[in-house]
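This is what each chain is made of:
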Amino acid sequence: MKNFLNLLLTAIIISICYGCNDKSSNTIIATSIVAPFNGIDTIAINDWWNRKPNKIIDVKVKREDVIAFGIYTVHKNTLKLTAQLFPLYADETREVRLEVKRKGNWHEIQKTNVNDLGWSALFRIENWDSSKDISYRILHGEKAFFEGLIRKDPKDKKEIVMAALSCNSNKDRGNRDKYVKNINHQDPDIVFFAGDQSYDHTEHTAAWLKFGMQFREVFRNRPCITIPDDHDIGQGNIWGEYGKKASTPAGNDGGYYYHPEYVKMVERCQTSHLPDPYDSTPIKQGIGVYYTNLILGGIDFAIIEDRKFKSGPKGKIPQIGPRPDHVRDANYDPASVDLEGLELLGNRQLDFLNHWGKQNENKIKVVLSQTGFCGGAHLHGSKDNRLHADMDSNGWPQTGRNKALRAIKKANAVHIAGDQHLATVIQHGIDEFEDGPWAFVVPAIVNNYYSRWWWPEDEKAGVNSDGVLPWNGRFLDGFNNKITMHAYVNPDSPSNGSGYGLIRFNKKNKEVTFECWSRDIDISNEEARQFKGFPFKIKLDE
């Protein structure tokens, strides 16, 4: 009954204005939408204009600036473009318009409405002409607009380039001008943000707006993939467990702690511009899915959700450390935590990867996800905090990890991810060392928050080390997974190890080059150098 009354109230819009229509004047407006949740996203919901100033972003912008950014992908001649707005007042139209420029003139091609939860709006245009660059602009009201460029499919290029970033910590709320300048100078064909675009757990809309204003000049004129991770949906860690309700914000019993409409809002803002899901069937609580693939320039990217179906450790395995997800005892039996019934990607995503792997076998294939498929760090948060195993990584559960890696390897794909606050290049082992796929985990955008180190306890190189870095070579992680370390960027490196990855896909030679650039470097300087150990080139199987 309460929900019904709230819905009834949302249909009533009452505006009482004193003075003029200027929103800076004394205005009392009843909201047109009542959020179904309380205490979260408060900066942007209900009577948001009555909120006090906040430390994230000022959402009370001039009305000609109300369109924050647009973000898009094009796949199989379907354009999907999300318009992200700052919060609207109750008496403002929710309609946004999309125009494209043809022969020097702007032509409207679609209208759509903004969702008051998250303030995003999706345009979907089929039969898009991917053979040419097309200018676009998003409009709202009489004055607000945002312009950009829908790039043509770079299918004729010999090399396709992707910039990859993750972990936009709120420990630094400043601009990202160096990133924008460097990435635009390198001019990648596509950009990938692997998660944790927001660290303001309960204020996603404000933080997403902040992220967009920091990086919009990177994706204004090129396609961009964004996927949310744990911090985006309000948790320090997430084991989604098919969408069940978690009992605490720690989430280690599995599931999502915050209201499902909040989770759906986050995913709508960050992923609605991605190609349509492979299988759109919702999970528990009506939470959606977005795992899919995107073909650009002859490269086939699989985009997966490596947390959504994953089992939570609490109550399912023996607790060995002070937390259900941490193991400190190096003498524990890894098999004791790899129990029947535990899942990682879930059967739905494994089916997707296996199907995807059989399609377009002549193309270079890439799997994009949030985090790496092993325990690729030893020290967590500080040099005196050594964890033997961390179940937040995709190294656990081991059986699920190996199923995922077999599917990726069978597709002859490489894996790109973020999350770990520690850049690494690893070749995975499944049954034997080096029989699995290659993986590049990119560094954090900001790395002065919970940094991690690759630092073997005996401080010795592994077998088959190439000697480029002191601790390269073959190792077993804390779950007894086989990994071969080829490059790592500890926080003792320049910029505390923060920066971004650049991946070059050479289609003719079937070669992939991993580049890793420091945050503070000037890429236009001829003397600019990457982190030690990079670039790193691999050749895919023929």
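Basis of the calculations
Residues numbered from 1 in each chain as written. Predicted model: local features only at pLDDT ≥ 70, side-chain atom pairs only at ≥ 80, totals over all residues. Heavy atoms only, no water. pLDDT = per-residue confidence, 0-100. Contact = heavy atoms within 4.5 Å. Buried < 20%, exposed > 50% of the residue type's maximum accessible area, 1.4 Å probe, protein only. Helix = DSSP H or I, 4+ residues; strand = E, 2+ residues; numbered from the N terminus. Pairing = 2+ DSSP bridges. Axes fitted to C-alpha atoms, helices over the stretch in contact; angles between N-to-C directions. Parallel < 35°, antiparallel > 145°, perpendicular 65-115°, else oblique. Left-handed = near helix turned anticlockwise from the far one by under 90°. Nonpolar A, V, L, I, M, F, W, Y, C, P; charged D, E, K, R; others polar.

A look at the confidence of the model for the chain
Considering every residue of the chain, the mean pLDDT works out to 93; 94% of them sit at 70 or more. For the stretch residues 1-31, pLDDT sits under 50, and the model shows 35 contacts to residues farther than four places along the chain or on other chains.

A look at the pairing of strand β26 (residues 511-518)
The side chains of a regular strand alternate, first on one face of the sheet and then on the other. A large share of β26 lies buried, amounting to 8 of its 8 residues. Following strand β25 (residues 499-506), the chain reverses through 4 residues before pairing antiparallel with β26; Lys510 in that reversal takes a positive phi of roughly 55°.

Points about the packing of helix α5 (residues 346-358) against helix α6 (residues 398-410)
Packing of α5 against α6 leaves a shortest axis separation of 8 Å and a crossing angle of 15°. One finds that α5 runs roughly parallel with respect to α6. For the crossing formed where α5 meets α6, the hand is left-handed. In contact with Leu350, Leu353 and Asn354 of α5, α6 contributes Lys403, Ala404, Ala407 and Ile408. When grouped by side-chain class, the residues that make up the contact of α5 with α6 number 5 nonpolar, 1 polar and 1 charged.

Some points on the pairing of strand β20 (residues 423-429)
With 7 of 7 residues buried, β20 lies mostly within the body of the structure. Pairing of β20 with strand β21 (residues 438-441) involves 4 bridges; the strand directions are antiparallel. Among the inter-strand pairings, Val425 is bridged to a residue of β21, identified as Phe440.

What about the environment of Val289?
Within the secondary structure layout, Val289 lies in the loop between α4 (260-271) and β13 (292-296). Classification of Val289 by relative accessible area gives buried; the value is 10%. For the pair Val289 and Leu165, spaced 124 residues apart in sequence, the C-alpha to C-alpha distance is 22 Å. When neighbours within four sequence positions are excluded, Val289 is seen to be in contact with Pro277, Asp279, Ser280, Thr281, Ile283, Glu305, Lys308, Phe309 and Arg348.

Points about the sheet that holds strand β12 (residues 224-226)
Taking strand neighbours across the sheet as the criterion, the 6 strands line up as β12-β11-β10-β25-β26-β27 in an open arrangement whose pairing is mixed. Edge positions in the sheet fall to β12 and β27 (536-539), since each of these pairs with one other strand and no more. Adjacent strand axes in the sheet meet at a mean angle of 20°, parallel and antiparallel pairs treated alike. Bridge analysis of strand β10 (residues 159-165) against strand β11 (residues 190-193) gives 4 bridges, and the strand direction is parallel. Opposite Leu165, over in β11, you have Phe193 as the bridge partner. Each of β10, β11 and β12 touches helix α3 (residues 204-219); the most contacted strand, β11, lies at about 155° to it.

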